[in-house]
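Fold and geometry: a report
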Amino acid sequence: MAIVNRTPDSFHDRGSTFALEHALERVKRAAAEGADWIDIGGVPFAPGPEVSTAEEIDRVLPVVTAARDFAVVSVDTFRPEVAREVIAAGAGVINDTSGLRDPAMADAVAGTDAQLVITHSLAPPRTEWPSPRYSDATAEVAAFLRERVGLALARGVRPDQIIIDPGHDLNKNTLHTLEITGRLDELAEIGYPLLAAVSNKDFIGETLNAEQHDRLAGTLAAVVFCVLKGARIVRVHDVAATVDAVRMTEAMLGWRPPAFTRHNI
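Residues numbered from 1 in each chain as written. Predicted model: local features only at pLDDT ≥ 70, side-chain atom pairs only at ≥ 80, totals over all residues. Heavy atoms only, no water.

Within the protein chain, the secondary structure is distributed over ten helices and eight strands. Relative to a compact globule of 265 residues, whose C-alpha radius of gyration would be 18 Å, the protein chain shows 18 Å and is just as compact. Expressed along its principal axes, the backbone C-alpha trace of the protein chain runs to roughly 60 × 45 × 40 Å. Counting the 265 residues in the protein chain, one finds 53% classified as buried. For the protein chain, the share of sequence-separated contacts (at least 6 apart) that also reach a separation of at least 24 residues comes to 64%. Total accessible area on the protein chain stands at roughly 11,900 Å², and carbon and sulfur atoms take up 54% of it. (Helix = DSSP H or I, 4+ residues; strand = E, 2+ residues; numbered from the N terminus. Rg over C-alpha atoms; globule rule 2.2 N^0.38 Å. Buried < 20%, exposed > 50% of the residue type's maximum accessible area, 1.4 Å probe, protein only. Contact = heavy atoms within 4.5 Å. Areas by Shrake-Rupley, 256 points an atom, 1.4 Å probe, with all protein chains shown as cover.)

In this section: the pattern of salt bridges. Evaluation of the coordinates by the stated rule reveals 14 salt bridges. Two residues, Glu-50 and Arg-79, come together in a salt bridge whose shortest N-O distance is 3.1 Å. Remark: Arg-79 occurs in the loop between β3 (72–76) and α3 (80–88) and Glu-50 occurs in the loop between β2 (37–41) and α2 (53–67); sequence separation between them is 29 residues. The exposure class of Glu-50 is exposed, given its relative accessible area of 67%. Judged by its relative accessible area of 11%, Arg-79 is buried. With its nearest N and O atoms 3.1 Å apart, the salt bridge here joins Arg-59 to Glu-55. Here Arg-59 and its partner Glu-55 are both found in helix α2, four residues apart, which amounts to about one turn of the helix. Accessibility expressed as a relative area gives 9% for Arg-59, which makes it buried. Here the residues in one salt-bridge network are Asp-136, Glu-179, Arg-183 and Glu-186, joined through shared partners. (Salt bridge = Lys/Arg side-chain N within 4 Å of Asp/Glu carboxyl O.)

Once that is clear, we can look at the side chain of Lys-172. On the secondary structure map, Lys-172 appears in the loop between β6 (162–165) and α6 (174–182). For the buried Lys-172, no salt bridge is present, and the opposite-charge side chain at shortest range is Asp-165, 7.3 Å distant. Polar side-chain contacts of Lys-172 include one of 3.1 Å to the backbone oxygen of Pro-166. In this structure the side chain of Lys-172 is engaged in a polar contact, spanning 2.8 Å, whose partner is the backbone oxygen of Leu-170. Beyond its immediate sequence surroundings of up to four residues, Lys-172 is in contact with His-120, Pro-132, Tyr-134, Val-141, Pro-166, Gly-167, Thr-177 and Ile-180. (Lys, Arg positive; Asp, Glu negative; His and termini not counted. Polar contact = N/O pair within 3.5 Å; in protein donor to acceptor, adjacent residues only side chain to side chain.)

It is worth spelling out unusual backbone geometry at this point. Even without a glycine there, the phi angle at Leu-100 is positive, about 60°. Judged by relative accessible area, Leu-100 falls into the buried class, the value being 1%. A positive phi angle, close to 55°, is found at Asn-264, a residue other than glycine. One can find Asn-264 in the segment after α10 (239–252).

Of the two faces of strand β1 (residues 2–5), the one holding Ala-2 and Val-4 and the one holding Ile-3 and Asn-5 are both buried throughout. Both β1 and β2 contribute to a ladder of four bridges, which runs parallel. Paired with Asn-5 across the bridge in β2 is Gly-41. (Pairing = 2+ DSSP bridges.)

Across the five residues that make up β2, a large majority, five, are buried. What you see with β2 is no split at all: Trp-37, Asp-39 and Gly-41 on one side and Ile-38 and Ile-40 on the other are buried throughout. Both β2 and β3 contribute to a ladder of five bridges, which runs parallel. Across the sheet, residue Asp-39 finds its bridge partner in β3, namely Ser-74. The parallel pair β2 and β3 is bridged by α2, and the resulting crossover is right-handed. (Right-handed = clockwise from strand over helix to strand, strands pointing away.)

By themselves, these figures tell us nothing about what the structure is for.
Take a look at the structure:
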């Protein structure tokens, strides 16, 4: 899952794809580099200025329309109104980082062919959550995801539509995120496809003492580890390098044949 943000304040790209033409270029490049899904965002999760529903739709809708010709389109939003608009425009995935904080998001997805990513977080998007505390971070994340999956099912979302995401770094410090990653197989056992959004995040930077744009090696290590622990979707900025890392992992697990075999044949 490639990340394309039409935002001026995203934590990693810092507005590099805010301009529509730059977002469309990134879509084409991500698809060419092997992205299966393209995740389009109009509002970051982190605290920041208010973005109206209308403005969010204006940001993401033209990219959705263009991207559907290249890959499965995902939209990162916590607003049911936005979800309805982008599903009608051809989006196949709604990536709700609020974890159904607004239950109407489940209503927006129910009865459609779109999939719904349910993500763990403690606070609503765009708000501060200082010094999060957990007694057992993995167990609490698992309980949250099970409860929100139950909510989605009760509102008519089919089981085959649901994807879960533990929310790496979302209202979690580095120790929490490392613990959850190490026990990711426990979350995979919930029984729904598991998404890991680890790309260039602060838990990597703090672990390696690496600045924002020096985290590719740590990101690839985290991606491979998450795949081995049960993740089946990885959300990343650096598509080409991640595709190589994942395909190599799949080959060593016996899931993918080599592209060709000439060595010592």
